[in-house]
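Structural description and commentary
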Amino acid sequence: MQFIDGGVCAPKGFLANGIHCGLKASRKTNDTALIYSEVMCNAAGVFTSNRVKAECVKLTMKNIQKGKMQAAICNVCYANACTGKSGYADAVRMSEITASAFGINPENVIVCSTGIIAQNVPVDKIEANFEKLKAGLSRDGHKEARVAIMTTDTHYKELAVETEIDGKKIHIGAMCKGSGMIHINMGTMLSFVTTDCAISSEMLNKALKESVKGTYNCVSIDGDMSTNDTLTIMANGLAGNKEIVCEGDDYNKFLEALNELNTKMAMKIAADGEGAGHLVECTVSGAKDVETARGLAKFVVKSNLVKAAVFGRDANCGRIMCAMGYSGFEFDPDKACVFFSSRKNSKRYFETPGDGTVEIKGCDKCGGRVEVVHDGVGLTFDEEKATSILSEEAVEIEIELKDGDASGKAWGCDLTYDYVKINGDYRS
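Keep in mind that what you see is a predicted model, and the values were worked out from it rather than measured. (Residues numbered from 1 in each chain as written. Predicted model: local features only at pLDDT ≥ 70, side-chain atom pairs only at ≥ 80, totals over all residues. Heavy atoms only, no water.)

**With respect to the overall build of the protein chain**
The criterion, for reference: Numbering goes from the N terminus for both helices and strands, where a helix is a DSSP run of H or I of at least four residues and a strand is a run of E of at least two. Exposed residues in this analysis have more than 50% of their type's maximum accessible area, buried residues have under 20%, and partly exposed residues fall in between, with area computed by a 1.4 Å probe over protein chains only. Any two residues whose heavy atoms approach within 4.5 Å are treated as being in contact. Computed by Shrake-Rupley with a 1.4 Å probe, the accessible areas treat only the displayed protein chains as cover when residues are assessed.
When helices and strands are tallied, the protein chain shows twelve helices and 15 strands. Among the 428 residues that make up the protein chain, the fraction classed as buried is 58%. The long-range share in the protein chain, meaning contacts at least 24 apart out of those at least 6 apart in sequence, stands at 82%. By element, 47% of the accessible surface of the protein chain is carried by carbon and sulfur atoms, the whole surface being about 16600 Å².

**Topic: unusual backbone geometry**
Glycine aside, the phi torsion of most residues is negative, and most peptide linkages are trans. Although it is not a glycine, C77 adopts a positive phi angle of roughly 85°. Mapped onto the elements, C77 comes out in the loop between β4 (68–75) and α2 (84–102). Positive phi values are uncommon outside glycine, yet D375 reaches one of about 50°. With respect to the element layout, D375 can be found in the loop between β12 (368–374) and β13 (377–378). Among the residues examined, D375 registers a relative accessible area of 28% and is labelled partly exposed.

**Let's talk about the sheet that holds strand β15 (residues 406–413)**
Under the convention used in this document: Strand pairing is assigned whenever DSSP detects at least two bridges linking the two strands. Here, axes are lines fitted to C-alpha atoms. For helices the fit covers the stretch in contact, and angles between N-to-C directions go from 0 to 180 degrees.
Pairing within the open sheet is mixed, and its six strands lie in the order β13-β12-β11-β14-β10-β15. In the strand order of this sheet, the two ends are held by β13 and β15, each with one partner. Inspection of the sheet shows strand β10 (residues 279–287) paired to β15 by seven bridges, in the antiparallel sense. Each bridged residue has a counterpart across the sheet, and for L279 the counterpart in β15 is C413. Sheet contacts for helix α8 (residues 290–302): β10, β14 (394–400) and β15; angle to β15, the most-contacted strand, approximately 20°.

**Here we look at the nonpolar core**
Nonpolar side chains in soluble globular proteins generally cluster together in the buried interior. Threshold: For this analysis, a nonpolar core means a set of buried residues of the types Ala, Val, Leu, Ile, Met, Phe, Trp, Tyr and Cys, connected via side-chain atoms within 4.5 Å.
Ranked by size, the top nonpolar core spans 72 residues in total, and within it F254, F340, I397 and I399 carry the most contacts. Ranked by residues supplied to this core, first place goes to helix α7 (residues 249–271) with twelve residues. The next biggest cluster of nonpolar side chains, apart from the first, holds 55 residues, and it includes C9, L15, I116 and A148.

**What about the side chain of N241?**
Quick note on the threshold: Polar contacts here mean pairs of N or O atoms no more than 3.5 Å apart (in protein, one a potential hydrogen donor and the other a potential acceptor; neighbouring residues in sequence count only if both atoms are side-chain atoms).
Its place among the elements puts N241 in the loop between β9 (230–235) and α7. With a relative accessible area of 6%, N241 lands in the buried category. At a separation of 2.9 Å, a polar atom in the side chain of N241 contacts the main-chain amide nitrogen of A198. When near neighbours in sequence (up to four residues on either side) are disregarded, N241 contacts I165, D166, K168, I170, D196, C197 and A198.

**Observations concerning helix α10 (residues 317–325)**
Each α-helix turn comprises 3.6 residues. Residues three or four places apart therefore point the same way. Our working definition: By construction, the arc corresponds to the directions joining the helix axis to the C-beta atoms.
Three or more residues of α10 are buried, namely C317, I320, M321, A323 and M324. Angular distribution of buried residues about the axis of α10 spans 160°; they occupy a single face of the element. Contact partners of the buried residues in α10: α8, α9 (304–311), β11 (337–342), β12, β13 and β14. Of the residues that open α10, the one with a side-chain oxygen 3.2 Å from the backbone nitrogen of G318 is N316.

**Thoughts on the pattern of salt bridges**
The cut-off we apply is this: The salt bridge definition used is simple: a Lys or Arg side-chain nitrogen within 4 Å of an Asp or Glu carboxyl oxygen.
All chains considered together, the criterion is met by 14 salt bridges. A salt bridge links R93 to E127; the shortest N-O distance between them is 2.5 Å. Placement of the pair is R93 in helix α2 and E127 in helix α3 (residues 123–128), with a sequence separation of 34 residues. When its relative accessible area of 33% is taken as the criterion, R93 is described as partly exposed. Of the charged contacts in the structure, one is a salt bridge between K264 and E260, with a shortest N-O distance of 3.8 Å. Remark: E260 and K264 occur in helix α7; sequence separation between them is four residues, near one turn of the helix. K264 gets classed as buried once you look at its relative accessible area, which sits at 11%. Residues joined by salt bridges that share partners form a network here, namely R93, E96 and E127.

See the structure below:
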């Protein structure tokens, strides 16, 4: 398995593009993205668990139940949430415009929106520019599309992986956006995954739902769960492998590759949290089961007090113990050990650094590990070393329990003044 270039266009048969349709006066960059497969795809999706769902989410949730998709259209600036019947009609219209251009059924189009809630999408502007959007589709179009889906993101987020299944090279590509309004169990996160692997809709759905448990669902930026989060995957089968229709070695290889991809994409979102200066990774080991390990890690990274402590380079162990304590997950606090650490080469977080991608840089001076809690009791530790560790762009919180053999991770970021600035005037 290896990471490769190309994003959503790395798999055979996928094309993409992004253009500026002028959806919002203040937006000067691409605002509409399109992904198209040359053949019909098996498909699956996971969506926000917020009871308030955007109209495009409702439409795509309905259509993807049939397990067949061939295109995805996405606009930024306006979320099409809390827009009622007119908003749903707008989402339907976007699917119809896309379908008409390719001679496919509107039910085979993924529709996504992101941006300001309670305002309608100016679909007429997308329709007026659709021929230009379609004409620009290409294997290199992922470069335009990955920018078109960004809102408050400071970096585009894409990745692709290549592996071998049934003697055939298969590829999985992804692009996503997400920087704020991100919370566990999805957030203002849109992720588009493509693959040329031959796999049934049923097994694709199983793999996707299994993968999100330890990847996207382990990210928290600010504790706010969005109305629009959508993660979809389309598989067109052009790699030529024998179709995966049940669990087994081929399915496991596909799931492993999907997990690697989704983990890196989830970490890119966490590292690019609104106003963030630090990626925070929390690892819990020695838990009684994986659910407990992940749950404890999630509560630590989503704690505003922990986030603020990382921002202030303050190795405040009490905030970590406190967050674990109110999480609702069982553990023995009298056997818990807590460490702050950072790596000398934190580049390990992002295997494909480059123009616009997120690269976490490490340094020889700051790498290290310091224990701040042992068997539930706070320790006297080297404050200077701890501050140095917390000054790194990638900070790790390691929690060792003695309740079992399970482990789990979660990712977040620090809470900064810039987060408030960004969200204080979001609509403008």
